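Observations on chain architecture
Listed below are the residues making up each chain.
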Amino acid sequence: MADLGYDYDLFVIGAGSGGVRAARIAAQSGAKVAIAEEFRIGGTCVIRGCVPKKFMVYASEYGSKLQEARDYGWDVEAKGFDFPAFMSKLHAEVDRLSGIYLRNLANAGVDVFEERAEMQDANTIVLKDSGKTFTVDKILIATGGTPWRPAPEELPGVEHTITSNEVFNLETLPKHIVIAGGGYIACEFAHIFAGLGVETCLVYRGDTVLNGFDWDVRTAVHEGLKEAGVRVITSAVFDEINEVEGEECPYCIHLSNGTKLNADVILMAVGRRAATDDLGCDKAGVNLSEKGSVIVDDASRTNIPNVFAVGDVTDRIQLTPVAIREGHAFADAVFGDREWSFEHDFVASGVFTQPEVGTVGMTEAEARKALDKVDIYKTRFKPMKQALLEDGEERVMMKLVVNGESQQVVGVHIVSPEAAEMIQMIGVAVKMGVTKQQFDQTCAVHPTIAEEIVTMRHKWVPETEPA
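Everything numeric in this text was worked out from a predicted model, so none of it was measured.

Another aspect to go through is the packing of aromatic side chains. All told, the structure shown has 12 aromatic pairs when counted by the stated rule. Following the ring pairs from residue to residue traces out a cluster consisting of Tyr-8, Phe-11, Phe-113 and Phe-134. The ring of Tyr-8 carries Lys-32 above its face, with NZ or CZ at 5.3 Å from the centroid. Geometry around Trp-460 places Lys-378 over its ring, the cationic atom sitting 3.7 Å from the centre.

As structure tokens, then:
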């Protein structure tokens, strides 16, 4: 299909989930396709994100499960946790998955370049290591995001910190880790390290973690961090990081509230930015937002007709499955003569704190701003499994946000074991426009945690009406 005069019909910059899907679908539609990745095939999710993080979540849960087993009558002896052995298995699985991505690209006929690619102009790609240059008909930017850290002049000693990229390269467990941030990445890793027996402290500039989530989710997760043994310091930021000689924890962190913390590992989880630095967007004429993300329309088109972008680099919804669907839609529309675009409403997501968060649709605050009338149904309860546990204080939180006029369920928020599994199924119903009456008409599966989602009958009435 290669157009006359072009080396490739499509060149994809970035071999993460979105870029790989787009490249494969375009190639299977007959296009001549190339893809370039400067780090490893698979991108953030497979190499340094969702997949290895979830393995760490699993590992961190076993400590509490051993105690649960004892409470349920099992004679269990714990002899410690072999962190290097676990990390070796983790990296072996990541290597396997990266290999599958590479094999699938090759099988689809995509040319793969494992080096950095940049735009020389809107129709020219240059590979930085080899110097190879290609002319291309269309370009897809799929470089994703990257962790953000303050500059050294903003935070002296920031060079002593790591990000979520480097956390998977730790060879030994920290003795005391301090985590900066209050988003889902910070909260997940706080639970992970606390679960692995590490003295863990989380420092957040706000007053309650998970800004942007429903308030009841935020408070439940905030309480859960403390119950897990995480020291949570709010309304504070890092002012300075100093090295301390001869100490077991070689770094001293000075906080804005006057507190000093010692740590041997400092994890900065204070946000991510689109990976567009030195990509050549200026040379190609591609417009970027103030934060550096690529501006696109609903069909993932940039302001340059032949340049497109999908995934986290566009800063629409930063989720791997969203990037995959955006990439697939792009390839179908441009190369498969099947035009469609991904709908970004009612996208379910999970946060792998302990317990998990599952959420889809509007928060209560968003609904009250958008709708004339809002009905809230929510419950907090102790799950059945906790009844036989000596320290069984874990609580489940479930919440329905309902359009008070149409009775459509416009938001569901859960903090519970297996919340992510629940929200995947509930997300189908919410996407289809399910009503509260249809929830009520659905028979419960007993005894389960999930049954509570269809047994909430009474509207929640706040002590004081919201402003």
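We now examine the environment of Thr-442. Looking at the element boundaries, Thr-442 is found in the segment after α11 (436-440). A relative accessible area of 42% places Thr-442 in the partly exposed class. In this structure the C-alpha to C-alpha distance between Thr-442 and Ala-284, which are 158 residues apart in sequence, comes to 54 Å. There is a polar contact of 2.8 Å between the side chain of Thr-442 and the backbone oxygen of Gln-438.

Note on strand geometry: in a regular strand, side chains alternate between the two faces of the sheet. In terms of residue burial, strand β21 (residues 409-416) counts as a mostly covered element, since 8 of its 8 residues are buried. Across 6 bridges, the pairing between strand β18 (residues 356-361) and β21 is antiparallel. Residue pairing in the sheet places Glu-356 in a bridge with Ser-416 of β21. Direction of pairing for strand β20 (residues 396-403) relative to β21: antiparallel, over a ladder of 6 bridges. Bridge pairing in β21 places Val-402 opposite Val-409.

Before going further, it helps to examine unusual backbone geometry. For the bond from Gln-354 to Pro-355, the omega torsion is 5 degrees, close enough to zero to count as cis. Structurally, Pro-355 is set in the loop between β17 (349-351) and β18. Positive phi, normally seen in glycine, also occurs at Glu-418, with a value near 60 degrees. Residue Glu-418 is classed as partly exposed on the basis of its relative accessible area, which comes to 48%.

This part takes up the pattern of salt bridges. By the definition in use, this model includes 23 salt bridges. A salt bridge links Arg-368 to Glu-364, with the nearest nitrogen and oxygen atoms 3.0 Å apart. In this pair, Arg-368 and Glu-364 both sit in helix α9 (residues 364-370), 4 residues apart, roughly one turn of the helix. Notably, a salt bridge pairs Lys-459 with Asp-375, separated by 3.6 Å at the nearest N-O pair.

Pairing of strand β1 (residues 8-13) with strand β6 (residues 133-141), which is carried by 5 bridges, proceeds in the parallel orientation. Bridging across to β6, Phe-11 finds its partner in Ile-139. Direction of pairing for strand β5 (residues 124-127) relative to β6: antiparallel, over a ladder of 3 bridges. Bridging across to β6, Ile-125 finds its partner in Phe-134. Between β5 and β6, which pair antiparallel one after the other, the connecting turn spans 5 residues, and Gly-131 there sits at a positive phi close to 80 degrees. Bridge count for β6 against strand β16 (residues 307-309) is 3 bridges, and the pairing is parallel.

The next thing to look at is the sheet that holds β21. Where strands meet in a sheet, backbone hydrogen bonds hold them as pairs that are either parallel or antiparallel. On the basis of which strands lie adjacent, the open sheet formed by 5 strands has the order β17-β18-β21-β20-β19 and antiparallel pairing. The strands lining the two open edges of the sheet, one partner per strand, are β17 and β19 (374-381). Averaged over all neighbouring strand pairs, the angle between strand axes comes to 10 degrees, with direction disregarded.

This part is about helix α5 (residues 184-195). Taking 1.5 Å as the rise per residue, α5 with 12 residues should run 16 Å; its terminal C-alpha atoms sit 16 Å apart, in good agreement. Within α5, 10 of the 12 residues are buried, which leaves it mostly tucked inside the rest of the structure. Listed in full, the buried residues belonging to α5 are Ile-185, Ala-186, Cys-187, Glu-188, Phe-189, Ala-190, His-191, Ile-192, Phe-193 and Ala-194. Backbone geometry just after α5 places Gly-197 at a positive phi near 90 degrees.

Turning our eyes to something else, we now look at the sheet that holds strand β13 (residues 260-263). Within the open sheet, the 3 strands sit side by side as β11-β12-β13. Their pairing is antiparallel. Two strands in the sheet have a free side with no partner beyond their single neighbour: β11 (238-243) and β13. Going across the sheet, the axis of each strand differs from the next one's by a mean of 25 degrees, ignoring polarity. Here β11 runs beside strand β12 (residues 251-255); their pairing, made up of 5 bridges, is antiparallel. Each residue of the ladder has a partner; that of Asn-242, found in β12, is Cys-252.

Rules used in this analysis
Within each chain, residue numbers correspond to sequence positions counted from 1 in written order. In keeping with the predicted nature of the model, local features appear solely for residues at pLDDT of at least 70, side-chain atom pairs appear and are counted solely at 80 or more, and the whole-chain, interface and lining totals rest on all residues. To get the side-chain values, take all heavy atoms of the structure and skip hydrogens and water. Any two rings among Phe, Tyr and Trp, with Trp reduced to its six-membered ring, count as a pair given centres within 6.5 Å; such a pair is stacked if its planes are under 30 degrees apart, edge-to-face if over 60, and tilted if neither. Geometrically, a charge over a ring is one whose NZ (Lys) or CZ (Arg) sits within 6 Å of the ring centre while staying within 35 degrees of the ring normal. Helix and strand assignments follow DSSP, with helices taken as H or I runs no shorter than four residues and strands as E runs no shorter than two, numbered in order from the N terminus. Categorising residues by exposure relies on relative accessible area from a 1.4 Å probe, with only protein chains included: less than 20% of the type maximum marks a residue as buried, more than 50% marks it as exposed, and the intermediate range marks it as partly exposed. Polar contact is the term for a pair of N or O atoms within 3.5 Å; when the atoms are in protein, one must be able to donate a hydrogen and the other to accept it, and sequence-neighboring residues count only if both atoms are side-chain atoms. If DSSP finds at least two bridges between two strands, the strands pair. Salt bridge, as used here, is a side-chain nitrogen of Lys or Arg placed within 4 Å of a carboxyl oxygen of Asp or Glu. Every axis corresponds to a line fitted to the C-alpha atoms, with the helix fit spanning only the stretch in contact, and the corresponding angles, defined between N-to-C directions, vary from 0 to 180 degrees. One less than the residue count of a helix, multiplied by 1.5 Å, gives the span that helix is expected to have.

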